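Listed below, chain by chain, are the residues.
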Amino acid sequence: MPKTVYVLNGPNLNLLGTREPHIYGRATLGDVEKLCRATAERHGLAVEFRQSNHEGEIIDWIQEARAAKAAGLIINPAGYTHTSVAILDALASMGAPVVEVHISNIHAREPFRRRSYVSQTARAVICGFGVDGYALAITGLAAMIDAKD
């Protein structure tokens with residue numbers, strides 16, 4: 001049975017492809033999910049892929065991943081990156097590697113976007129590669145998981 005990684009997406013990512021395409025591109029969240037599943041399959045991993053506009057639901061999923069002993073977690077917390085101590089606290093208890101992903105380069109945007117609470121618990125941060133950052137995150141996470149075995 002393949003090891004499972006959770007890929008969690010925060011608020012407004014359900015609008016990918018139509019929301020500010022000059023920043024986030026034209027790929028949809030469905031396209032991102034297909035990319036994640038294909039990349040994970042190449043590394044012998046299974047994916048739980050989810051998106052929510054609700055902070056509490058994202059926290060519940062992080063706790064679910066912990067309880068399920070997921071091999072790792074990839075999170076694009078979107079706007080919660082800069083505001084959510086609650087998501088930070090949930091990730092701190094994860095026990096498996098966490099990779100933070102952003103489609104845009106958050107350091108080249110507005111000053112408030114340059115502060116990430118999530119980065120404090122992430123083993124790695126990928127930003128600015130568009131949706132391909134998700135594939136990079138899965139590849140990197142797979143290497144972390146293999147190094148642990």
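Each chain carries its own residue numbering, running from 1 in the direction its sequence is written. Reporting of local features is limited, given that this is a predicted model, to residues whose pLDDT is at least 70; pairs of side-chain atoms are given and counted only at 80 or more, and all residues count toward the totals for whole chains, interfaces and linings. Here the side-chain values reflect all heavy atoms present in the structure, with hydrogen atoms and water set aside.

A. Expanded view of the sheet that holds strand β1 (residues 3-9). By the convention used here, strands pair only if DSSP detects at least 2 bridges between them. Segments assigned H or I by DSSP are reported as helices when at least four residues long, segments assigned E as strands when at least two residues long, and all are numbered from the N terminus. Strands sit in the order β2-β1-β3-β4-β5 across an open sheet of 5 strands; the sheet is parallel. Edge strands, defined here as strands with exactly one partner in the open sheet, are β2 (45-51) and β5 (124-127). The mean angle between the axes of side-by-side strands here comes to 20 degrees, regardless of whether they run parallel or antiparallel. Where β1 lies against β2, 7 bridges are found, and the strand directions are parallel. Interaxial angles span 0 to 180 degrees and are taken between N-to-C directions of axes, which are lines fitted to C-alpha atoms, for helices over the stretch in contact.

B. Examining the packing of helix α3 (residues 55-67) against helix α4 (residues 85-92) more closely. The N-to-C vectors of α3 and α4 enclose an angle of 5 degrees; their axes lie 9 Å apart at closest approach. If you check the angle between α3 and α4, you find them roughly parallel. When α3 is examined against α4, the residues E55, I58, I59 and I62 are found in contact with a partner set consisting of A86, I87, A90 and L91. By residue class, the composition of the contact of α3 with α4 is 7 nonpolar, no polar and 1 charged. Should an angle fall under 35 degrees it is called roughly parallel, over 145 degrees roughly antiparallel, and 65 to 115 degrees roughly perpendicular, with every other angle called oblique. Here a residue-residue contact requires only that any non-hydrogen atoms of the pair lie within 4.5 Å. Note on residue categories: nonpolar means Ala, Val, Leu, Ile, Met, Phe, Trp, Tyr, Cys or Pro, charged means Asp, Glu, Lys or Arg, and polar means any other residue, Gly included.

C. Structural context of α3. Here a helix's expected span is defined as the number of its residues, less one, multiplied by 1.5 Å. Between its terminal C-alpha atoms α3 stretches 19 Å, which fits the 18 Å expected from 13 residues at 1.5 Å a residue. Looking at α3, one finds that the buried residues are I58, I59, W61, I62 and A65. Buried positions in α3, seen along its axis, are confined to an arc of 160 degrees and lie on one side of it. Backbone geometry just after α3 places K69 at a positive phi near 55 degrees. For every residue, the accessible area obtained with a 1.4 Å probe (protein chains only) is divided by the maximum for its type, and the residue is called buried under 20%, exposed over 50%, and partly exposed between those limits. The arc in question is the one spanned by the directions pointing from the helix axis to the C-beta atoms.

D. Here's a closer look at the pattern of salt bridges. Within this document, salt bridges are pairs made up of a side-chain nitrogen of Lys or Arg and a carboxyl oxygen of Asp or Glu, the two lying within 4 Å of each other. Applying the stated rule across the entire model yields 4 salt bridges. Here E48 and R50 are joined by a salt bridge, their closest N and O atoms 2.9 Å apart. Judged by relative accessible area, which is 30%, E48 ranks as partly exposed. Given a relative accessible area of 17%, R50 falls into the buried group. A salt bridge links R50 to E64, with the nearest nitrogen and oxygen atoms 2.8 Å apart.

E. Quick look at the nonpolar core. V32, I74, V99 and Y134 are the most contacted members of the largest nonpolar core, which totals 27 residues. Looking at which element gives the most residues to this core, the answer is helix α5 (residues 132-148), with 7 residues. When neighbours within four sequence positions are excluded, V32 is seen to be in contact with L16, F49, V131 and Y134. As used here, the term nonpolar core means buried Ala, Val, Leu, Ile, Met, Phe, Trp, Tyr and Cys residues forming a set that is joined through side-chain atoms within 4.5 Å. Ranked by size, the runner-up nonpolar core spans 18 residues in total, among them Y6, L8, I75 and I87.

F. Local environment of the side chain of T81. Mapped onto the secondary structure, T81 falls in the loop between β3 (72-76) and α4. Counting of polar contacts relies on pairs of N or O atoms within 3.5 Å, with two restrictions inside protein: one atom must be capable of donating a hydrogen and the other of accepting it, and residues adjacent in sequence are counted only when both atoms are side-chain atoms. At 2.6 Å, the side chain of T81 forms a polar contact with the backbone oxygen of A78.

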